[in-house]
Structure formats: C-alpha cells, structure tokens
Protein chains: 4
Amino acid sequence: MDWERPMTGEQVFETQGNFAERVRDSVGRQTVLSTMGVRLVSVAPGRVALEMPFHSDFTQQHGFLHAGIVTTALDSAAGYAAYSLMPERASVLTIELKTSLMRPARGALFRFEGRVLKPGRTVMFTEASAYADDVEIAHLTASMMVVQGREGVEG
Amino acid sequence: MDWERPMTGEQVFETQGNFAERVRDSVGRQTVLSTMGVRLVSVAPGRVALEMPFHSDFTQQHGFLHAGIVTTALDSAAGYAAYSLMPERASVLTIELKTSLMRPARGALFRFEGRVLKPGRTVMFTEASAYADDVEIAHLTASMMVVQGREGVEG
Amino acid sequence: MDWERPMTGEQVFETQGNFAERVRDSVGRQTVLSTMGVRLVSVAPGRVALEMPFHSDFTQQHGFLHAGIVTTALDSAAGYAAYSLMPERASVLTIELKTSLMRPARGALFRFEGRVLKPGRTVMFTEASAYADDVEIAHLTASMMVVQGREGVEG
Amino acid sequence: MDWERPMTGEQVFETQGNFAERVRDSVGRQTVLSTMGVRLVSVAPGRVALEMPFHSDFTQQHGFLHAGIVTTALDSAAGYAAYSLMPERASVLTIELKTSLMRPARGALFRFEGRVLKPGRTVMFTEASAYADDVEIAHLTASMMVVQGREGVEG
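Please read all numbers here as calculations on a predicted model, not as lab measurements.

Helix and strand counts for chain A stand at 3 helices and 6 strands. Reading the helices (α) and strands (β) of chain A from amino to carboxyl end gives α-α-β-β-α-β-β-β-β. Computed over its C-alpha atoms, the radius of gyration of chain A comes to 15 Å, within 12% of the 15 Å expected for a compact globule of 155 residues. Counting only C-alpha atoms and orienting by the principal axes, one finds that chain A spans roughly 50 × 45 × 25 Å. Across the 155 residues of chain A, 65% fall into the buried class.

This is the structure in structure tokens:
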C-alpha cells in the first residue's frame with residue numbers, strides 16, 4: 001500500500017514584510033476576539049493558533065460552546081493564516097466557510113489552529129481545527145478573498 | 001420557459017405538542033443569544049426568525065459583524081427551525097454548517113430567518129438567511145441531527 | 001408574523017451581449033454533459049435549467065444516481081447561471097461547492113435549476129436544486145470565480 | 001511555538017468482519033466508477049484510495065476534468081473510507097459534501113484518497129484529497145450516514 005504524501009504535508013510559503021506584526025495588529029482590532037477572551041498564541045507563515053478559555057456567556061442550550069462561537073474562532077484562525085501570506089496593504093474577507101462539528105465543544109481550554117492549504121492572488125484556501133483540552137472537536141474549511149485597494153477595508 | 005416550483009415553495013410540516021413553547025424555552029437557555037442581544041421574533045412550523053441590533057462587541061477588524069457571529073445567529077435560527085419539528089423529548093445538534101458571506105455585515109438591525117428544507121427522523125436539512133436592514137448579507141445551509149435519549153442533551 | 005421577503009425573491013440582473021448564445025456554446029463544449037445525456041432546457045439572466053434522463057451508467061451501489069453525478073449537473077447549472085451574467089470574454093471556474101443530498105436520486109427524469117444569489121466582479125454566489133420527477137432531491141451552493149485574461153481558459 | 005498534534009494524526013480504527021472484501025464488493029457495484037475508469041487501489045481501516053486515468057469524456061469546457069467528476073471520485077473515496085468502519089450489514093449514504101477546487105484538474109493520472117476524521121454510530125465525518133500527477137488539486141469534506149435495516153439499501 002502506498003499512500004500519497006500526508007494531506008497536511010508541510011509547505012513552505014512566502015511572506016511579505018513583517019507578517020507577524022501585521023497579524024497581531026489586525027487581531028488586536030478584531031473586537032469580537034477580546035469579547036470572547038480569545039488570544040493569539042502563535043503565528044508562522046500560513047499558520048495561526050488562537051486559544052480561548054471556556055466561558056458560559058458563549059454556550060448553547062446544553063452548556064457547551066455554541067457551534068457558531070467555535071466557528072468564529074476557527075474562521076479567525078483560518079483568516080489570519082491566509083492574511084499572513086498576503087501583500088502588505090491587502091485585507092482578508094471570508095467568502096464562505098464550512099464547519100464540521102465532530103464532538104460537543106466541552107472543555108476548559110479551547111485551541112484553534114488555522115492553516116493555508118493553497119495560497120493565491122485572489123482566493124486562498126484554508127482549513128482550521130478546534131481542540132477542547134487537546135481533543136479535536138471541529139474542523140473548518142474556508143475560502144478567503146484577498147482584497148486590495150478597497151476603501152475602508154484594511155487589515 | 002418553464003421553471004420548477006419556486007425553490008422555497010411553502011411546505012406544510014407536522015409538529016408535535018406545543019412546539020412554539022419548546023422553542024422559546026430552549027432559546028431562553030441558549031446563553032450566547034442573550035450575550036449577543038439576539039431575540040426570538042417568530043416561530044412557525046419549520047421556521048424561526050431572530051433579530052439582533054448591531055453591537056461593536058461582536059465586530060471584526062473592519063467594524064462589521066464578524067462572519068462567525070452572523071453564523072452563530074444563522075445556525076440558531078436554522079437549528080430552532082429544525083427543533084420546531086422534532087418529537088417532544090428530542091434535542092438538536094448541528095452536524096455541519098456552511099455560510100456564504102455575500103455582503104459585508106454592516107447595518108443597524110440584523111434579522112436571521114431559518115427554515116427546514118427537508119425534515120427527517122435522524123437528520124434535518126435546513127437553510128437560513130441573514131439580512132442587514134433588509135438586505136440579504138449571508139446564507140447558511142446546515143444538517144441538523146435529531147438526538148433522542150442522550151443523557152444531558154435536552155432541548 | 002412578518003417574514004422577510006421570500007429568500008428566492010426575484011432579482012433583475014444585467015447581462016452583456018448575447019448571454020444565451022454564450023451559455024449554449026459553452027455547454028456544447030462541456031463534454032461531460034453530453035457523456036451524461038444532459039441537455040440545456042432554459043437560459044435566463046442568472047438562471048439556467050438542465051435535464052438528464054436516468055441512465056444506469058451513472059449509478060452508485062444501490063442503483064440511484066451517484067451523489068457526484070447529481071453534483072456535476074448541479075454545478076454546471078449553477079456555473080452557467082453565473083456565466084450568463086459575466087462579461088463577454090470572461091470564463092467561470094468553481095471555487096467550491098457544497099451539495100446537500102436530501103433524498104435518494106431515484107427517478108426517470110432529473111432536472112437541475114441553477115440561479116445566482118449575488119453577482120460580483122470577482123466572485124458570484126450561486127445555488128441550484130435537483131429534482132427527480134419533480135421532487136427536490138438535492139441542493140447545492142457554490143462560489144464561482146469570474147476569470148478574465150487567463151490564457152487557455154475561455155467560456 | 002507549539003502546534004497541536006498534526007491535524008491528520010494517525011488514528012487507529014476498529015473494523016468488523018472482512019471490511020476490505022465488503023469495500024471491494026460494493027465498489028464493484030458502483031457502476032459510475034467503472035464508467036469513469038476508476039479503480040480501487042488501497043483499502044485500510046478508515047482509508048481508501050482510488051485512481052482514474054484522464055479521459056476526455058469527463059471534461060468541462062476548458063478540457064480539464066469537471067469539478068463534479070472530481071467530486072464523484074472524492075465522494076466515493078470518502079464514502080468507502082467510512083464504509084470500511086461500518087457494521088457488516090450497514091450501508092453508507094452521503095448526507096452532504098463540500099469540495100474545494102484548489103487547482104485545475106489537469107493531468108494524466110488522478111488519485112483520490114479518502115479518510116475518516118471521526119467515526120460514529122449514526123454519522124461519520126470524512127475528508128478526501130484529489131491529486132493530479134501527485135499535485136493536490138481538490139479537497140472534500142463529507143458527512144456520511146450509517147444506514148441500517150433499510151430495505152433495498154445495502155452495501
């Protein structure tokens with residue numbers, strides 16, 4: 001048996017300027033992240049990790065984190081993974097996202113890891129995984145648009 | 001030219017017991033909704049509408065509502081639309097959701113309408129639309145699981 | 001109760017040049033459609049309908065049309081709906097698609113109706129429904145890229 | 001920096017009976033695969049690989065494999081990965097699938113690798129990647145239903 005190279009085989013991506021600083025700045029302006037208690041824990045070319053402690057303000061009717069809140073953090077992780085590879089004055093918008101909710105979002109500490117599957121000039125393909133206390137609970141794929149020269153849409 | 005019946009043709013769905021009260025009760029237990037300022041404005045068999053005023057706590061880096069927050073409300077609208085058709089002791093879990101972000105989530109009042117496309121004993125197919133001041137900004141499709149007899153997962 | 005305007009409210013779209021002829025020409029070059037016995041039955045601005053008789057060559061293990069074959073026709077219907085609104089020398093590529101398989105694809109005659117939800121200069125949001133003998137069996141949403149000036153990618 | 005375990009970390013899955021033979025039998029009954037020239041090249045617990053040589057019968061208007069044909073093979077690879085973990089008399093149906101079309105489906109030999117992300121009694125979460133001459137061109141995620149005791153739906 002002979003499987004193809006692992007589907008998450010490490011790619012080497014090119015970045016422009018101080019990508020890590022640009023990501024940190026933009027994360028700082030994404031108010032929903034501070035509202036949710038999310039912090040940026042790692043940035044690398046095409047990869048971003050966020051963490052969030054459990055908080056009952058963001059739960060659904062069974063006391064777990066709401067699927068949409070998990071999606072919010074996954075989308076930010078994936079979006080900033082894409083943003084880390086973009087030109088200096090570009091900004092990122094999500095075209096569409098899909099989240100698979102594999103297990104209940106139950107736990108004390110949540111981690112969200114985003115990663116670029118395929119960069120591009122106009123569209124970047126990304127994925128992200130959510131972990132609750134190190135167990136994978138959800139997976140997102142999203143298409144991110146590279147926006148350039150649009151007034152009022154920066155970072 | 002001869003188009004098929006409109007894709008959102010009205011279907012008549014069966015409900016069990018006091019479905020509207022069950023939906024209202026469960027919405028009341030979904031803490032994230034009150035955190036976000038979302039309120040339930042309509043329930044009908046297989047349809048639910050929610051509303052949310054803009055609040056800067058839930059914005060992304062350009063000052064619009066974050067895609068994940070829009071998804072949170074869309075998922076709740078779709079999930080409760082499904083829940084309105086479920087047996088009395090069942091509960092609803094999202095299997096997966098996809099959101100298409102058609103326009104920036106910019107506006108003063110947001111409305112989220114969920115609707116069942118196809119009910120089922122195990123899986124219900126749903127969709128939901130988000131409107132910002134009456135302009136459609138986003139669309140979700142989601143598969144909802146009908147969960148029965150699982151301890152700690154009710155409503 | 002006061003629902004938002006129907007989610008498939010008719011929009012009026014602008015077209016350029018002889019859009020219907022461009023769609024027919026491109027359909028004629030999409031070899032997979034003739035292989036599958038699919039024919040174009042309607043074109044309107046932002047809408048396209050295709051039909052396909054059942055053929056056992058395209059079935060899965062239970063004798064129904066394969067989900068991927070249903071997706072092929074849905075994607076073509078949605079893609080040509082988008083193409084009908086594009087500039088004369090543009091071409092269309094699918095960025096991503098999602099299909100919800102609501103009922104088994106069992107029937108004698110299949111119909112696929114695609115429609116643009118939101119046009120755009122770079123990305124168009126579309127949806128499509130599949131009917132087996134007039135019963136809706138599947139639903140697709142897809143993001144379509146408007147490609148201009150790329151050698152070897154026309155129509 | 002400290003990334004979570006690789007997102008495709010190898011899991012060990014339980015199988016029942018002669019899973020490989022059940023997969024081969026069912027692949028043999030999936031007529032669309034022989035129509036498309038697809039053959040089964042590997043089966044392991046929760047993993048399946050298929051291969052298909054290029055054939056112009058299945059192309060879109062630019063001469064590449066149609067996105068829906070790529071999706072057909074990806075869905076089969078993912079569905080059989082799920083099926084390999086199912087009880088002996090169960091059958092598999094796709095609830096929904098999403099395909100990201102990362103690069104044009106241009107090449108001589110296509111390979112499709114499916115894999116279970118999370119097994120389950122009712123729903124299995126899967127993903128699959130498509131390679132054209134060893135370059136990843138597309139990625140699918142799909143939810144698969146485990147169907148038991150439904151007349152006429154076996155394998």
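The next thing to look at is the sheet that holds strand β3 (residues 91-101) of chain D. Taken together, the 12 strands give an open sheet; going across it, the order is β1(C)-β2(C)-β4(C)-β5(C)-β6(C)-β3(C)-β3(D)-β6(D)-β5(D)-β4(D)-β2(D)-β1(D), and neighbouring strands pair in antiparallel fashion. The strands lining the two open edges of the sheet, one partner per strand, are β1 (39-44) of chain C together with β1 (39-44) of chain D. Pairwise comparison of adjacent strand axes, ignoring direction, gives a mean angle of 20 degrees for this sheet. Of the pairings in the sheet, the one linking strand β3 (residues 91-101) of chain C to β3 of chain D comprises 5 bridges and is antiparallel in character. By the bridge assignment, Leu97 of chain C is partnered in β3 of chain D with Thr99 of chain D. Of the strands in this sheet, β1 and β2 (47-53) of chain C are in contact with helix α1 (residues 19-29) of chain C, which crosses β1 of chain C at around 160 degrees. Along the sheet face, helix α1 (residues 19-29) of chain D touches β1 and β2 (47-53) of chain D and points at about 160 degrees away from the line of β1 of chain D.

On a regular strand, one side chain projects to one face of the sheet and the next to the other, so that they alternate. All names here are of chain A. Burial runs high along strand β6 (residues 135-147): 12 of the 13 residues are buried. Both strand β3 (residues 91-101) and β6 contribute to a ladder of 10 bridges, which runs antiparallel. Across the sheet, the residue bridging to Leu93 is Met145, located in β6. Direction of pairing for strand β5 (residues 123-132) relative to β6: antiparallel, over a ladder of 10 bridges. Following the sheet pairing, Ser129 is matched in β6 by His139.

We now examine the packing of aromatic side chains. Residue and element names in this part refer to chain A. In this structure the tally under the stated criterion is 4 aromatic pairs over all chains. Considering the side-chain rings of Tyr80 and Tyr83, the 6.0 Å spacing of their centres and the 70 degrees angle between planes classify their relative orientation as edge-to-face. A residue pair is termed a helical-turn pair when its members lie 3 or 4 positions apart in one helix, as Tyr80 and Tyr83 do in helix α3 (residues 67-83) at 3 residues.

What follows deals with the relation of the copies chain B and chain A. Once turned by 180 degrees and shifted 0.0 Å along the axis, chain B lies on chain A with an RMSD of 0.0 Å. The symmetry that links the two subunits is that of a two-fold axis. When C-alpha distances to the rotation axis are compared across chain B, the minimum falls at Lys98 of chain B, with a value of 2.0 Å. Comparing interface residues between copies, 100% of those in chain B also sit at the interface in chain A, which points to an isologous, same-surface contact.

Relative to the 24 Å expected for 17 residues at 1.5 Å per residue, α3 of chain A spans 24 Å between its end C-alpha atoms, a close match to the ideal helical length. For α3 of chain A, a buried count of 17 out of 17 residues is recorded, marking the element as mostly surrounded by other parts of the structure.

Moving on, we come to the interface of chain B and chain A. Frequently, the measure chosen for interface size is the accessible area removed from exposure when the parts meet. With 37 residues of chain B in contact, the opposing surface of chain A contributes 37 residues. Both faces combined, the contact of chain B with chain A buries some 2,800 Å², and carbon together with sulfur accounts for 56% of it. Its largest share of buried area at the contact with chain A, chain B owes to Gln61, His62 and His66 of chain B, together 22% of the area lost on that side. There are 0 salt bridges connecting chain B and chain A. Between chain B and chain A we count 18 residue pairs in polar contact (both at pLDDT 80 or more) in total. Broken down by secondary-structure element, the contributors of at least two residues to the side of chain B that touches chain A are α1 (19-29), α2 (31-36), α3 (67-83) and β3 (91-101) of chain B. The biggest single contributor to the side of chain B that touches chain A is β3 of chain B, with 11 residues. Taken together, the residues that form the side of chain B that touches chain A break down as 11 nonpolar, 20 polar and 6 charged.

What follows is about the relation of the copies chain A and chain D. Each of the two chain copies can be generated from the other by rotation about an axis followed by a shift along it. Superposing chain A onto chain D requires a rotation of 180 degrees together with a translation of 0.0 Å along the rotation axis, leaving an RMSD of 0.0 Å. Taken together, the interface assignments show that 100% of the residues at the interface of chain A recur at the interface of chain D, consistent with an identical surface on both copies.

Turning our attention to the nonpolar core. Phe112 of chain A together with Phe112 of chain B are the most contacted members of the largest nonpolar core, which totals 94 residues. Those residues within four positions of Phe112 of chain B in sequence are excluded, and the remaining contacts are Val48, Ala49, Leu50, Met52, Val70, Ala73, Leu74, Ala77, Ser129 and Ala130 of chain B. Formed by 90 residues, the second largest nonpolar core is a distinct cluster that contains Leu40 and Val146 of chain C together with Ala73 and Met124 of chain D.

Turning our eyes to something else, we now look at the interface of chain A and chain D. Each partner contributes residues to the interface: chain A has 35 residues there, and chain D has 35 residues. Overall, the association of chain A and chain D removes approximately 3,300 Å² of surface from exposure, summing both partners, and the carbon and sulfur fraction of that is 56%. On the surface where chain A and chain D come into contact, there are 2 salt bridges. Scanning the region where chain A abuts chain D turns up 4 residue pairs in polar contact (both at pLDDT 80 or more). Of all the secondary structure elements, the ones that give two or more residues to the side of chain A that touches chain D are β1 (39-44), β2 (47-53), β3, β4 (109-118), β5 and β6 of chain A. Residues that form the side of chain A that touches chain D fall into these classes: 15 nonpolar, 6 polar and 14 charged.

Conventions we followed
Residues numbered from 1 in each chain as written. Chains lettered and ligands numbered in written order. Predicted model: local features only at pLDDT ≥ 70, side-chain atom pairs only at ≥ 80, totals over all residues. Heavy atoms only, no water. Helix = DSSP H or I, 4+ residues; strand = E, 2+ residues; numbered from the N terminus. Rg over C-alpha atoms; globule rule 2.2 N^0.38 Å. Buried < 20%, exposed > 50% of the residue type's maximum accessible area, 1.4 Å probe, protein only. Pairing = 2+ DSSP bridges. Axes fitted to C-alpha atoms, helices over the stretch in contact; angles between N-to-C directions. Contact = heavy atoms within 4.5 Å. Phe/Tyr/Trp six-rings, centres within 6.5 Å; stacked < 30°, edge-to-face > 60°. Least-squares fit on C-alpha atoms with pLDDT ≥ 70 in both. Expected span 1.5 Å × (residues − 1). Buried area = accessible area lost by both parts, 1.4 Å probe. Salt bridge = Lys/Arg side-chain N within 4 Å of Asp/Glu carboxyl O. Polar contact = N/O pair within 3.5 Å; in protein donor to acceptor, adjacent residues only side chain to side chain. Nonpolar A, V, L, I, M, F, W, Y, C, P; charged D, E, K, R; others polar. Core = buried A, V, L, I, M, F, W, Y, C linked by side-chain atoms within 4.5 Å.

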